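Structural description and commentary
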Amino acid sequence: MNAFPPPMTGKPQQIPLDLGGRSAHAREDFLIGPCNTDAVRWIDKWPDWPAPALIITGPAASGKTHLAAVWRDKSKAETIRPETLLSRSAEELAGMGTPLVIDGIDPWLGERQVEETLFHLYNIFKETGNSLMLTMRMTPTQGEFALPDLASRLRAAPLAAIKPPDDMLLGSVLIKLFSDRQLPVGNEVISYILPRMERSFSAARDIVKAADQTALASRQKISVPPDAQSSDRHAGRNRNVRAMAFPLWAALGLTSATLSSGVMLSQERFKLPGFTMAYLSKAACVLLALPFVLYFGAPTSPLFYMILVAQALLWVISDVIFFNTINKVGAGMVSRILPSSVIITFFLWFLIDPGTLDKYLSTPYLSAGVVAALAASIYFAMRLKHCPISWAAVRMIWFVIFAAVVGPLAIKLLLGQSSFKQGPFAYVFFEGLFMLTLWSAYYLWKRPVEAAVMFSREALIGGAIVGGFSFLMLVTNAAALYLVDNPGLLPAIKFTDSFIILLFYKLTGRKEESDVLAGIGIVACAALIIVLKSF
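What you see is a predicted model, and the numbers here were worked out from it, not measured in a lab.

For Lys-74, the position within the fold is in helix H2 (residues 64–75). When its relative accessible area of 37% is taken as the criterion, Lys-74 is described as partly exposed. Note: C-alpha distance between Lys-74 and Trp-46 (28 residues apart in sequence) is 9.0 Å. Sequence-distant contacts of Lys-74, that is, excluding residues within four places in its chain, are made with Ile-43, Asp-44 and Trp-46.

Judged from the three bridges that link them, strand E2 (residues 78–80) and strand E3 (residues 100–103) form a sheet pairing that is parallel. When the sheet's bridge partners are listed, Glu-78 is paired in E3 with Leu-100. Pairing of E3 with strand E4 (residues 132–136), which is carried by four bridges, proceeds in the parallel orientation. What sits directly across from Ile-102, in E4, is Leu-134. Regarding the hand of the β-α-β motif, the stretch spanning E3, helix H5 (residues 112–128) and E4 is right-handed.

Packing of helix H12 (residues 274–296) against helix H20 (residues 423–446) leaves a shortest axis separation of 7 Å and a crossing angle of 140°. At the point where H12 passes H20, the crossing takes the left-handed sense. Of the residues contributing to the contact of H12 with H20, the split by class is 22 nonpolar, two polar and two charged.

Our next topic: the pattern of salt bridges. Scanning all chains against the criterion turns up four salt bridges. The residue Arg-112 makes a salt bridge to Glu-116 at a minimum N-O spacing of 3.2 Å. You can see Arg-112 and its partner Glu-116 sitting in helix H5, four residues apart, about one turn around the helix. Assessed through its relative accessible area of 43%, Arg-112 is described here as partly exposed. Classification of Glu-116 as partly exposed rests on a relative accessible area of 34%. Ionic pairing is found between Glu-431 and Lys-282, a salt bridge with its closest N-O pair at 3.8 Å. Here Glu-431, found in helix H20, pairs with Lys-282, found in helix H12; they are 149 residues apart in sequence, far enough to count as distant. Across this residue pair, the class does not change: Glu-431 and Lys-282 are buried.

Taken together, the side chains of Ile-344, Leu-348, Leu-351, Ile-352 and Leu-413 present a nonpolar region at the surface, about 430 Å² in accessible area. Examining the composition of the nonpolar patch, we find that four residues originate from one element, helix H15 (residues 341–352), more than from any other. Of note, Leu-413 is situated in helix H19 (residues 398–415). Taking relative accessible area as the criterion, Leu-413 reaches 33% and is therefore assigned partly exposed.

Throughout the structure, instances matching the rule amount to one cavity of 30 Å³ or more. Considering only enclosed or pocket space, the largest cavity measures out at about 550 Å³ in volume. In terms of lining residues, the largest cavity is bounded by 30 residues, among which Trp-315, Asp-319, Met-473, Leu-474 and Lys-494 are the most central. Contributions of two or more residues to the lining of the largest cavity are made by helix H11 (248–270), H12, helix H13 (302–329), H19, H20, helix H22 (457–483) and helix H23 (489–494). Partitioned by chemical class, the residues of the lining of the largest cavity number 18 nonpolar, seven polar and five charged.

Within the largest apolar cluster, 85 residues are counted, with the highest numbers of intra-cluster contacts made by Trp-249, Phe-275, Phe-322, Val-334, Tyr-427, Val-428 and Trp-439. Per-element accounting of this core gives the leading share, twelve residues, to H13. Residues in contact with Val-334, not counting those within four places in the same chain, are Met-264, Phe-322, Thr-325, Ile-326, Val-329 and Ile-397. Grouped together as the second largest cluster of nonpolar side chains are 27 residues, Leu-132, Met-136, Phe-145 and Ala-151 included.

Our focus in this paragraph is helix H6 (residues 148–156). Turning to H6, its buried residues number three or more, namely Leu-150, Ala-151, Ser-152, Leu-154 and Arg-155. Here the buried face of H6 lies against strand E1 (53–57), H5, E4 and H13.

Turning to the packing of H13 against H19, a few remarks are in order. Helix packing for two helices is described by the angle between their axes and how far apart those axes are. Where H13 contacts H19, the two axes come as close as 9 Å, and the packing angle between them is 155°. If you check the angle between H13 and H19, you find them roughly antiparallel. In this structure, H13 crosses over H19, and the sense of that crossing is left-handed. Between H13 and H19, the contacting residues are Phe-304, Ile-307, Leu-308, Gln-311, Leu-314, Trp-315, Ile-317, Ser-318, Ile-321 and Phe-322 on the first element and Phe-399, Val-400, Phe-402, Ala-403, Ala-404, Val-406, Gly-407, Ala-410, Ile-411, Leu-413 and Leu-414 on the second. Class assignment for the residues of the contact of H13 with H19 results in 18 nonpolar, three polar and no charged.

A word on the packing of aromatic side chains. In total, this model carries 23 aromatic pairs according to the counting rule given. Ring geometry for Tyr-442 against Trp-445: centres 6.4 Å apart, planes inclined by 80°, an arrangement best described as edge-to-face. Of this pair, Tyr-442 and Trp-445 both sit in helix H20, separated by three residues, roughly a single helical turn. A relative accessible area of 37% places Tyr-442 in the partly exposed class. Ring geometry for Tyr-443 against Phe-455: centres 6.4 Å apart, planes inclined by 80°, an arrangement best described as edge-to-face. Here the residue Tyr-443 occupies a position in helix H20, and Phe-455 occupies one in the loop between helix H21 (451–454) and H22, the gap between them amounting to twelve residues. On the basis of relative accessible area, Phe-455 is assigned to the partly exposed category, the value being 44%. Sitting over the ring of Phe-270, Arg-269 keeps its end group 4.9 Å from the ring centre. The lysine or arginine in question, Lys-446, covers the ring of Trp-445, its NZ or CZ lying 4.6 Å from the ring centre.

Moving on, we come to the sheet that holds E4. With respect to topology, five strands assemble into an open sheet ordered E2-E3-E4-E1-E5, the strand pairing being parallel. Both edges of this open sheet fall to E2 and strand E5 (159–161), since each of them pairs with a single strand only. Shown here is a sheet whose adjacent strand axes are inclined to one another by a mean of 20°, direction ignored. The strands that helix H1 (residues 37–45) touches are E1, E4 and E5; relative to E5, the one it contacts most, it runs at about 140°.

Procedures and definitions
Residues numbered from 1 in each chain as written. Predicted model: local features only at pLDDT ≥ 70, side-chain atom pairs only at ≥ 80, totals over all residues. Heavy atoms only, no water. Helix = DSSP H or I, 4+ residues; strand = E, 2+ residues; numbered from the N terminus. Buried < 20%, exposed > 50% of the residue type's maximum accessible area, 1.4 Å probe, protein only. Contact = heavy atoms within 4.5 Å. Pairing = 2+ DSSP bridges. Right-handed = clockwise from strand over helix to strand, strands pointing away. Axes fitted to C-alpha atoms, helices over the stretch in contact; angles between N-to-C directions. Left-handed = near helix turned anticlockwise from the far one by under 90°. Nonpolar A, V, L, I, M, F, W, Y, C, P; charged D, E, K, R; others polar. Salt bridge = Lys/Arg side-chain N within 4 Å of Asp/Glu carboxyl O. Patch = residues over 30% accessible without salt bridge, like charges linked within 9 Å, V, L, I, M, F, W, Y side chains within 5 Å. Areas by Shrake-Rupley, 256 points an atom, 1.4 Å probe, with all protein chains shown as cover. 1 Å grid on protein atoms, 1.4 Å probe; cavity = no way out; pocket = protein on both sides within 12 Å on 5 of 7 lines; lining within 4 Å. Points joined across faces, edges and corners; volume = space filled by probe spheres on them. Core = buried A, V, L, I, M, F, W, Y, C linked by side-chain atoms within 4.5 Å. Parallel < 35°, antiparallel > 145°, perpendicular 65-115°, else oblique. Phe/Tyr/Trp six-rings, centres within 6.5 Å; stacked < 30°, edge-to-face > 60°. Lys NZ or Arg CZ within 6 Å of the ring centre and 35° of its normal.

Fair warning: the whole summary comes from geometry, so function is off the table for now.
Dropping the structure here:
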């Protein structure tokens, strides 16, 4: 399959009477680029889908309906309107004996009758081996469902997201839209439009529609204004600035990094036993998260809680080791060692979500830069061994590093079972509640810390301060993980907390007895990854 098929095939078709243009919805007319390769891959994979339903998401005019039409032709499916779920039963729809496409289902989510019919239809198709495609602008995790059982099924179904287009694909879309309306334009017109338009499919559609109306009214061909050459130089500068857009997940990651430095420096200040600080700070997190859970509600997917319990079992051990190690070697050294986990997490995610790998392969130069930065991170991580103090710290927190590898993967998966509003707060609350239950049982059994120390005034103050930092850090970190495409990228920016801690040491006159250059090298390479992913 060619990456970018010709925008027009066959003879031009006559313009319909409503002058709206005639869209070409054949497979050869679908323009493929980095933003939609994952969706196309799922279409090509049919009928070997892991679930009876595939969900295609994307913004307005991004090609969801076109892609659904391609699959409909391939699978001999029938398209039904969402409101049909109100008038016909699941048994009737399944009795059609064909795969089904339901285009634009998300406005109907929350309508109980629609959801009940869709739920039963999903179950029937699962039993019979039939297939269902749903298209929607938002993802199921962002939807508000009336039927929790339907929500859990759709959130577990494979999802292919169509992202905003790059310049090459957007230019091809413009050419196709002009061709659909039988409007011949030269390359200079496309070059003139691209730097001046919003980066979306819907904007391309609106621009072509307006150009069509203007051309009809003036009875002139579409051309570039006379002063376009000087304007293009200015637009080109704007396009270069716009090409690098700092992602929201990275901004949240930087916020989380700042809060993380507060956690470690506060523990370094109070020097409480690891168990005491872990327990009291987690209790503060639970109390702070409770009002948000009561307001936004809790996820209904059982898979959310299954993954949460599994990864919490890691943190219940890791957190104690983490705080104890800070007491022994300092916050600076710990903050510079943990970034080594980024490398493993980054590549492990491709095994969980192969579609992400396809997207990275579609931008080979930027992805090569990411891989080079990861390789440099490995070098600096290995260099730590040449510093006895640093390597001793690595041996102390090897389990924390392991948890740091697995943790983001697990959190990314469990957040996929919730909405953006519910997920971060529910994760902090229920994980903390589970960990406190285990720690309480351990405390009653082993008494690792004397009660006079465990609940002293200084311990309660320290736990409250670190807990406040931890709560905000965990929420912003979870929100960023919800948005990022590969969870291995987020720790790469979050671990820049070592820069903040080193700056604090510099301002307070503290000397560091470790391989500072190697630690900073790890973080610098991780930060480079984020810069590359900002383009």
